[in-house]
Amino acid sequence: MKFLKKHQKAVFLTLGVLFVILLWEIIAYATSQTFLKDFFLTCKESILLLGKSDTYLNLGFTLLRLLISFVISFVLGTTLGILGGYYPQVEHFLSPLISVMKSFPTIALALLTVVFLPNFSLVVTSFALFPLLYLASLEGSKKTYQQYEYIIRMKGRKHFSNITSVILPLSSNYLLLGALQSLTFGFKVEIMAETLSYRSTFLGVGRMIYLCYSSVDYLSLMAWVLLVLILSLVIDVLLSYVKNKIESAVKKPEED
(Lines give C-alpha, C1' and ligand atoms only; values in the text may rest on other atoms or scores of the structure.)
Protein backbone atom coordinates (compact mmCIF):
# COMPACT_ATOMS: atom_id res chain seq x y z
CA MET A 1 0.00 0.00 0.00
CA LYS A 2 2.82 2.40 0.81
CA PHE A 3 4.38 1.74 -2.59
CA LEU A 4 1.03 2.42 -4.32
CA LYS A 5 0.57 5.71 -2.48
CA LYS A 6 4.13 6.81 -3.16
CA HIS A 7 4.08 5.89 -6.86
CA GLN A 8 0.37 6.31 -7.52
CA LYS A 9 0.79 8.43 -10.66
CA ALA A 10 3.31 6.03 -12.25
CA VAL A 11 1.18 2.98 -11.41
CA PHE A 12 -2.01 4.36 -12.90
CA LEU A 13 -0.13 5.73 -15.91
CA THR A 14 1.23 2.23 -16.55
CA LEU A 15 -2.25 0.74 -16.14
CA GLY A 16 -3.56 3.32 -18.61
CA VAL A 17 -0.93 2.32 -21.19
CA LEU A 18 -1.77 -1.37 -20.71
CA PHE A 19 -5.46 -0.56 -21.15
CA VAL A 20 -4.75 1.19 -24.47
CA ILE A 21 -2.74 -1.84 -25.67
CA LEU A 22 -5.57 -4.17 -24.59
CA LEU A 23 -8.12 -2.00 -26.41
CA TRP A 24 -5.89 -2.03 -29.52
CA GLU A 25 -5.72 -5.85 -29.43
CA ILE A 26 -9.49 -6.23 -28.91
CA ILE A 27 -10.25 -4.00 -31.91
CA ALA A 28 -7.56 -5.72 -34.03
CA TYR A 29 -8.88 -9.26 -33.44
CA ALA A 30 -12.56 -8.21 -33.45
CA THR A 31 -12.04 -6.91 -37.00
CA SER A 32 -9.83 -9.87 -38.01
CA GLN A 33 -6.90 -7.42 -38.33
CA THR A 34 -8.47 -5.98 -41.47
CA PHE A 35 -7.06 -2.50 -40.92
CA LEU A 36 -5.68 -2.54 -37.37
CA LYS A 37 -2.94 -5.14 -37.04
CA ASP A 38 -1.71 -6.89 -33.90
CA PHE A 39 -0.05 -4.35 -31.56
CA PHE A 40 3.18 -6.29 -31.08
CA LEU A 41 3.45 -7.02 -34.81
CA THR A 42 3.01 -3.30 -35.45
CA CYS A 43 5.71 -2.55 -32.85
CA LYS A 44 8.09 -4.88 -34.66
CA GLU A 45 7.38 -3.10 -37.97
CA SER A 46 7.95 0.29 -36.31
CA ILE A 47 11.34 -0.89 -35.02
CA LEU A 48 12.24 -2.00 -38.56
CA LEU A 49 11.34 1.48 -39.81
CA LEU A 50 13.87 2.95 -37.38
CA GLY A 51 16.58 1.02 -39.21
CA LYS A 52 15.85 2.76 -42.52
CA SER A 53 17.46 6.07 -43.48
CA ASP A 54 14.32 7.00 -45.45
CA THR A 55 12.39 7.12 -42.17
CA TYR A 56 14.63 9.82 -40.72
CA LEU A 57 14.61 11.76 -44.00
CA ASN A 58 10.80 11.95 -44.10
CA LEU A 59 10.54 12.60 -40.38
CA GLY A 60 13.16 15.32 -40.65
CA PHE A 61 11.30 17.15 -43.42
CA THR A 62 8.07 17.05 -41.43
CA LEU A 63 9.76 18.42 -38.30
CA LEU A 64 11.56 21.09 -40.34
CA ARG A 65 8.28 22.33 -41.84
CA LEU A 66 6.73 22.29 -38.37
CA LEU A 67 9.60 24.38 -37.02
CA ILE A 68 9.32 26.95 -39.84
CA SER A 69 5.53 27.20 -39.40
CA PHE A 70 5.92 27.53 -35.64
CA VAL A 71 8.49 30.34 -35.91
CA ILE A 72 6.29 32.29 -38.36
CA SER A 73 3.19 31.85 -36.18
CA PHE A 74 5.06 32.59 -32.97
CA VAL A 75 6.55 35.86 -34.24
CA LEU A 76 3.26 37.14 -35.72
CA GLY A 77 1.01 35.77 -32.96
CA THR A 78 3.20 37.03 -30.13
CA THR A 79 3.64 40.49 -31.64
CA LEU A 80 -0.07 41.03 -32.31
CA GLY A 81 -1.11 39.38 -29.03
CA ILE A 82 1.15 41.64 -26.96
CA LEU A 83 -0.12 44.69 -28.83
CA GLY A 84 -3.72 43.51 -28.46
CA GLY A 85 -3.34 43.17 -24.70
CA TYR A 86 -1.92 46.68 -24.42
CA TYR A 87 -4.13 48.38 -27.00
CA PRO A 88 -7.79 47.15 -26.80
CA GLN A 89 -8.42 48.59 -30.28
CA VAL A 90 -6.02 46.02 -31.77
CA GLU A 91 -7.78 43.18 -29.94
CA HIS A 92 -11.21 44.31 -31.16
CA PHE A 93 -9.95 44.74 -34.73
CA LEU A 94 -8.40 41.25 -34.84
CA SER A 95 -11.26 39.49 -33.03
CA PRO A 96 -13.28 38.63 -36.22
CA LEU A 97 -10.14 37.35 -37.99
CA ILE A 98 -9.19 35.11 -35.04
CA SER A 99 -12.74 33.74 -34.88
CA VAL A 100 -12.65 32.87 -38.59
CA MET A 101 -9.21 31.23 -38.31
CA LYS A 102 -10.31 29.14 -35.32
CA SER A 103 -13.49 28.00 -37.09
CA PHE A 104 -12.13 27.45 -40.62
CA PRO A 105 -11.84 23.70 -41.47
CA THR A 106 -8.14 22.84 -41.65
CA ILE A 107 -8.85 20.00 -44.10
CA ALA A 108 -10.53 22.39 -46.55
CA LEU A 109 -7.57 24.78 -46.35
CA ALA A 110 -5.13 21.93 -47.07
CA LEU A 111 -7.09 20.81 -50.13
CA LEU A 112 -7.34 24.37 -51.45
CA THR A 113 -3.72 25.46 -50.94
CA VAL A 114 -2.12 22.30 -52.38
CA VAL A 115 -3.38 23.33 -55.82
CA PHE A 116 -1.78 26.77 -55.81
CA LEU A 117 1.12 26.76 -53.33
CA PRO A 118 4.30 24.63 -53.50
CA ASN A 119 4.85 24.72 -49.71
CA PHE A 120 1.17 24.49 -48.82
CA SER A 121 1.70 22.70 -45.48
CA LEU A 122 3.58 25.74 -44.11
CA VAL A 123 0.48 27.84 -44.72
CA VAL A 124 -1.89 25.24 -43.27
CA THR A 125 0.14 24.66 -40.09
CA SER A 126 0.85 28.36 -39.57
CA PHE A 127 -2.85 29.09 -40.06
CA ALA A 128 -3.75 26.54 -37.38
CA LEU A 129 -1.07 27.63 -34.88
CA PHE A 130 -1.46 31.40 -35.16
CA PRO A 131 -4.74 31.73 -33.15
CA LEU A 132 -3.36 29.58 -30.31
CA LEU A 133 -0.17 31.63 -29.99
CA TYR A 134 -2.02 34.93 -30.42
CA LEU A 135 -4.54 34.13 -27.65
CA ALA A 136 -1.79 32.93 -25.27
CA SER A 137 0.20 36.15 -25.72
CA LEU A 138 -2.98 38.24 -25.54
CA GLU A 139 -3.88 36.71 -22.17
CA GLY A 140 -0.33 37.20 -20.89
CA SER A 141 -0.27 40.82 -22.04
CA LYS A 142 -3.64 41.59 -20.42
CA LYS A 143 -2.79 40.01 -17.08
CA THR A 144 0.63 41.64 -16.97
CA TYR A 145 -0.94 45.04 -17.67
CA GLN A 146 -3.49 44.51 -14.89
CA GLN A 147 -0.79 43.52 -12.38
CA TYR A 148 1.60 46.34 -13.25
CA GLU A 149 -0.87 49.03 -14.36
CA TYR A 150 0.29 51.46 -11.65
CA ILE A 151 3.93 51.30 -12.82
CA ILE A 152 2.91 51.69 -16.47
CA ARG A 153 0.70 54.70 -15.75
CA MET A 154 3.46 56.35 -13.73
CA LYS A 155 5.74 56.15 -16.75
CA GLY A 156 2.96 57.16 -19.12
CA ARG A 157 0.71 54.71 -20.94
CA LYS A 158 1.55 56.13 -24.36
CA HIS A 159 5.22 55.21 -24.01
CA PHE A 160 5.82 52.29 -26.38
CA SER A 161 8.81 51.29 -24.23
CA ASN A 162 6.28 49.91 -21.70
CA ILE A 163 5.68 47.04 -24.10
CA THR A 164 9.35 46.14 -24.58
CA SER A 165 10.48 46.77 -21.00
CA VAL A 166 7.44 45.64 -18.96
CA ILE A 167 4.74 43.74 -20.89
CA LEU A 168 6.93 41.52 -23.10
CA PRO A 169 9.43 40.29 -20.48
CA LEU A 170 6.78 39.74 -17.79
CA SER A 171 4.51 37.88 -20.24
CA SER A 172 7.27 35.42 -21.18
CA ASN A 173 5.80 32.58 -19.08
CA TYR A 174 2.49 32.85 -20.92
CA LEU A 175 4.28 32.95 -24.27
CA LEU A 176 6.26 29.81 -23.47
CA LEU A 177 3.16 28.03 -22.23
CA GLY A 178 1.31 28.83 -25.46
CA ALA A 179 4.32 27.72 -27.51
CA LEU A 180 4.53 24.37 -25.73
CA GLN A 181 0.81 23.69 -26.12
CA SER A 182 0.90 24.43 -29.85
CA LEU A 183 3.88 22.25 -30.80
CA THR A 184 2.25 18.79 -30.57
CA PHE A 185 -0.93 20.16 -32.16
CA GLY A 186 1.13 21.59 -35.01
CA PHE A 187 2.85 18.22 -35.50
CA LYS A 188 -0.53 16.54 -36.07
CA VAL A 189 -1.73 19.29 -38.41
CA GLU A 190 1.46 19.10 -40.49
CA ILE A 191 1.11 15.32 -40.95
CA MET A 192 -2.58 15.68 -41.79
CA ALA A 193 -1.84 18.30 -44.45
CA GLU A 194 0.90 16.15 -46.01
CA THR A 195 -1.38 13.09 -46.08
CA LEU A 196 -4.53 14.69 -47.47
CA SER A 197 -2.68 16.74 -50.08
CA TYR A 198 -0.32 14.03 -51.31
CA ARG A 199 2.53 14.90 -53.69
CA SER A 200 5.03 12.31 -54.85
CA THR A 201 7.95 14.74 -54.53
CA PHE A 202 6.84 16.14 -51.16
CA LEU A 203 8.92 14.28 -48.56
CA GLY A 204 7.36 13.84 -45.13
CA VAL A 205 5.60 11.45 -42.75
CA GLY A 206 2.24 12.24 -44.37
CA ARG A 207 3.58 11.14 -47.75
CA MET A 208 4.66 7.78 -46.33
CA ILE A 209 1.28 7.26 -44.65
CA TYR A 210 -0.49 8.00 -47.93
CA LEU A 211 1.77 5.62 -49.89
CA CYS A 212 1.04 2.84 -47.39
CA TYR A 213 -2.68 3.55 -47.64
CA SER A 214 -2.74 3.62 -51.45
CA SER A 215 -0.88 0.30 -51.62
CA VAL A 216 -3.22 -1.22 -48.98
CA ASP A 217 -0.22 -1.90 -46.72
CA TYR A 218 -2.04 -1.32 -43.42
CA LEU A 219 0.71 -2.88 -41.33
CA SER A 220 3.27 -0.32 -42.52
CA LEU A 221 0.66 2.43 -42.24
CA MET A 222 -0.04 1.58 -38.59
CA ALA A 223 3.72 1.22 -37.97
CA TRP A 224 4.14 4.85 -39.09
CA VAL A 225 1.16 5.90 -36.99
CA LEU A 226 2.59 4.12 -33.94
CA LEU A 227 5.96 5.77 -34.54
CA VAL A 228 4.27 9.19 -34.66
CA LEU A 229 2.24 8.37 -31.52
CA ILE A 230 5.32 7.34 -29.55
CA LEU A 231 7.23 10.44 -30.69
CA SER A 232 4.24 12.64 -29.77
CA LEU A 233 3.97 10.98 -26.35
CA VAL A 234 7.67 11.54 -25.67
CA ILE A 235 7.33 15.18 -26.70
CA ASP A 236 4.15 15.50 -24.58
CA VAL A 237 5.89 14.11 -21.48
CA LEU A 238 8.84 16.49 -21.88
CA LEU A 239 6.59 19.47 -22.62
CA SER A 240 4.25 18.60 -19.73
CA TYR A 241 7.19 18.72 -17.34
CA VAL A 242 8.24 22.14 -18.68
CA LYS A 243 4.60 23.27 -18.77
CA ASN A 244 4.08 22.43 -15.07
CA LYS A 245 7.19 24.40 -14.17
CA ILE A 246 5.95 27.39 -16.19
CA GLU A 247 2.40 27.20 -14.77
CA SER A 248 3.75 27.20 -11.22
CA ALA A 249 5.88 30.22 -12.11
CA VAL A 250 2.81 31.98 -13.58
CA LYS A 251 0.67 31.30 -10.49
CA LYS A 252 3.21 32.74 -8.02
CA PRO A 253 2.89 36.40 -9.14
CA GLU A 254 -0.93 36.03 -9.25
CA GLU A 255 -0.98 34.72 -5.66
CA ASP A 256 1.25 37.56 -4.53
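Quick caveat, the model's predicted, so the values are computed rather than measured.

J.: Hey, could you run me through the layout of surface pockets in this one?
T.: Empty space left among the atoms is revealed by rolling a probe the size of a water molecule over them. Looking at the largest pocket, its volume works out to about 350 Å³. In terms of lining residues, the largest pocket is bounded by L13, V17, V20, I21, W24, F39, L226, L229, I230, L233, D236 and V237. Those elements giving two or more residues to the lining of the largest pocket turn out to be α2 (8-30) and α12 (218-255). If one sorts the elements of the lining of the largest pocket by residue count, α12 sits on top with 6 residues. Here the residues of the lining of the largest pocket sort into 11 nonpolar, no polar and 1 charged.

J.: Explain the pattern of salt bridges to me, please; I cannot follow it from the model alone.
T.: Any two side chains of opposite charge can pair if their charged atoms end up close together. For the structure on display, the rule yields 4 salt bridges. Close ionic contact of R65 with E190 constitutes a salt bridge, the shortest N to O distance being 3.9 Å. Placement of the pair is R65 in helix α4 (residues 53-86) and E190 in helix α10 (residues 172-196), with a sequence separation of 125 residues. For the pair shown, R65 and E190 are each scored as buried. Residues K143 and E139 are paired through a salt bridge, measuring 3.1 Å at the closest nitrogen-oxygen approach. Of this pair, K143 and E139 both sit in helix α7 (residues 120-147), 4 residues apart, roughly one helical turn. On the basis of relative accessibility, which here comes to 28%, the residue K143 falls in the partly exposed class. Connected through salt bridges with shared partners, the residues R65, E190 and E194 form a single ionic network.

Calculation criteria
Residues numbered from 1 in each chain as written. Predicted model: local features only at pLDDT ≥ 70, side-chain atom pairs only at ≥ 80, totals over all residues. Heavy atoms only, no water. 1 Å grid on protein atoms, 1.4 Å probe; cavity = no way out; pocket = protein on both sides within 12 Å on 5 of 7 lines; lining within 4 Å. Points joined across faces, edges and corners; volume = space filled by probe spheres on them. Helix = DSSP H or I, 4+ residues; strand = E, 2+ residues; numbered from the N terminus. Nonpolar A, V, L, I, M, F, W, Y, C, P; charged D, E, K, R; others polar. Salt bridge = Lys/Arg side-chain N within 4 Å of Asp/Glu carboxyl O. Buried < 20%, exposed > 50% of the residue type's maximum accessible area, 1.4 Å probe, protein only.

Honestly, it's all geometry; don't read function into it.
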